[in-house]
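Observations on the three-dimensional arrangement
This is what each chain is made of:
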Amino acid sequence: MLILLACTAGPGSTDLDTASGVLDLRVTEADVGELADNQFLMEGPEAQVEAGADAMVCVFGTYTGPDIGLHDVYTYQGEGGHHLQLMGTTTPAADVPDGTIMDCTGEGGEFQMSDLEPVGITNGGSVGGEQIDVAMPLPDGMAFELESGQRFVMQSHYINYGTEPILVRDLAVLTTIPEDEIADEQWAAPLIFNRSDFSIPPGSSLTTDFECTTEGDWNFLYVMGHMHEWGTAFNMERKVGETYEPFYAIPEWDPVYRDAPIIDYYPDESLAIPAGTTFRTTCSWFNDQDEALVFPHEMCVGVNIVYPQKATIICDGDGQ
């Protein structure tokens, strides 16, 4: 399946439409500039986000180009953008035609995030014209797989802190490598440790943990944790023998890590993990809201990029 999972991006018009009272933050091709021969654009949904709203909107499509390697993704959003994600879906076009735009906010939305699957990670972007430093570049010659006929969903997440509605449309620039130029050991894929069945009671703390076991002999290129602003601590450990050893830890979670995560990068083969290695992910939160917090408004996700591996691997933990 298709791509991404990250915090993102970009410039757009800020002209106020006085007739409708809507602030136009749509990104245009002019904001992106000229593309190279090995690049192409994908377009996010065009939608209106009301004042004070925390909204995710999705548009469905089908990739019709040749099988190819996806080396780099750079995303553009208007001010208030939280992320632009390009996800794979098995939903057929007969059920949801290309170009369909729908609410995918989560609880109560028309389409649930749990029905989507990432295949790659965005490498960078900017929000409202300001660069967001979450770059996770692949080494030269390395790529994620993008297959012809892949159905995808582009999901735009906006938090409108303003007092007027905003009109949004995001863009992503994809940089590619021909499939026949990628060596077998240069294919990479996301390895996702995820728990989504938690519920954090209002005014309460909650800690949950779950285990995942690797299926192949992989080199880890990137490791990062993802929670939102109610997180208090994030920890990933790996089991060596009968003992859990530190792997990745943020003992004091800062809300800024939601958009600017702490990323461990291993540019060589020094982090080789054998098949059958068990990882334990632990997330802690404090909910200061009046209602319970559930996925996707809060998250507990370990994001890893591994190679050599073509297909995305997702472990949905049962938690404790």
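Our focus in this paragraph is the overall build of the protein. From N to C terminus, the protein includes one helix and 26 strands. Taken across its 320 residues, the protein has 53% of its residues classed as buried. Considering only intrachain contacts with a sequence separation of at least 6, the fraction spanning at least 24 residues in the protein is 86%. Accessible surface, the protein as shown: approximately 13700 Å² in total, 46% of it carbon and sulfur.

Turning next to the environment of Q186. Summarising the element assignment, Q186 is placed in the loop between strand 14 (171–178) and strand 15 (189–195). Sequence-wise, Q186 and F144 are 42 residues apart; in three dimensions their C-alpha atoms are separated by 8.9 Å. Sequence-distant contacts of Q186, defined by excluding residues within four places in its chain, comprise D140, G141, M142 and A143.

Okay, the sheet that holds strand 12 (residues 151–159) next. Strand order in the open sheet formed by four strands is 7-12-5-8, and the pairing between neighbours is antiparallel. The sheet is open, and its two edges are formed by strand 7 (81–88) and strand 8 (101–103), each paired on a single side. Taking the axes of each pair of neighbouring strands and ignoring which way they run, one obtains an average angle of 20 degrees across the sheet. Sheet topology note: the strand 5 (residues 54–62)/strand 8 ladder contains three bridges and is antiparallel. In the strand pairing of strand 8, C58 is matched with M102.

Where a protein is soluble and globular, its nonpolar side chains tend to be buried together. Residues F220 and I305 are the most contacted members of the largest nonpolar core, which totals 58 residues. Here F220 is in contact with L191, F247, Y266, L271, I273, F279, N304, I305 and V306, once residues within four sequence places are set aside. Formed by nine residues, the second largest nonpolar core is a distinct cluster that contains M56, F60, V96 and M102.

The next thing to look at is a negative patch on the surface. Residues D67, E147, E179, D180 and E181 make up a contiguous surface patch of negative charge. Along the chain, D67 turns up in the loop between strand 5 and strand 6 (68–77).

Let us look at the confidence of the model for the protein. On average, residues of the protein score 86 in pLDDT, and 88% of them reach the 70 mark or higher. The low-confidence segment residues 1–19, where pLDDT is below 50, has 105 contacts with residues more than four positions distant or belonging to other chains.

Moving on, we come to the pattern of salt bridges. Pairing of side chains with opposite charge becomes possible as their charged atoms draw close. Throughout the structure, instances matching the rule amount to nine salt bridges. The salt bridge involving R26 is made with E46; its shortest N-O contact spans 3.3 Å. Pair noted here: R26 is in the loop between strand 2 (22–24) and helix 1 (29–32) and E46 is in the loop between strand 3 (39–43) and strand 4 (47–49), with a separation of 20 residues, a long-range link. Measuring nitrogen to oxygen at the nearest pair gives 2.3 Å for the salt bridge that ties E229 to R258. Linking E229 in the loop between strand 18 (218–226) and strand 19 (231–240) with R258 in the loop between strand 20 (243–250) and strand 21 (263–265), this pair joins segments that are 29 residues apart in sequence. The exposure class assigned to E229 is partly exposed, which follows from its relative accessible area of 32%. Connected through salt bridges with shared partners, the residues D24, R26 and E46 form a single ionic network.

A separate point is empty space enclosed by the protein. Applying the stated criterion across every chain, the model contains two cavities of 30 Å³ or more. Space inside the second largest cavity adds up to approximately 30 Å³. Considering the residues around the second largest cavity, the lining is formed by L70, H71, D72, V73, I121, N123, M136, L138 and F144. It is strand 6 that provides the largest number of residues to the lining of the second largest cavity, a total of four residues. Each residue belonging to the lining of the second largest cavity can be placed in one class, and the counts come to six nonpolar, two polar and one charged.

Criteria and cut-off values
Residues numbered from 1 in each chain as written. Predicted model: local features only at pLDDT ≥ 70, side-chain atom pairs only at ≥ 80, totals over all residues. Heavy atoms only, no water. Helix = DSSP H or I, 4+ residues; strand = E, 2+ residues; numbered from the N terminus. Buried < 20%, exposed > 50% of the residue type's maximum accessible area, 1.4 Å probe, protein only. Contact = heavy atoms within 4.5 Å. Areas by Shrake-Rupley, 256 points an atom, 1.4 Å probe, with all protein chains shown as cover. Pairing = 2+ DSSP bridges. Axes fitted to C-alpha atoms, helices over the stretch in contact; angles between N-to-C directions. Core = buried A, V, L, I, M, F, W, Y, C linked by side-chain atoms within 4.5 Å. Patch = residues over 30% accessible without salt bridge, like charges linked within 9 Å, V, L, I, M, F, W, Y side chains within 5 Å. Salt bridge = Lys/Arg side-chain N within 4 Å of Asp/Glu carboxyl O. Lys, Arg positive; Asp, Glu negative; His and termini not counted. Charge placed at Lys NZ, Arg CZ, Asp CG, Glu CD. pLDDT = per-residue confidence, 0-100. 1 Å grid on protein atoms, 1.4 Å probe; cavity = no way out; pocket = protein on both sides within 12 Å on 5 of 7 lines; lining within 4 Å. Points joined across faces, edges and corners; volume = space filled by probe spheres on them. Nonpolar A, V, L, I, M, F, W, Y, C, P; charged D, E, K, R; others polar.

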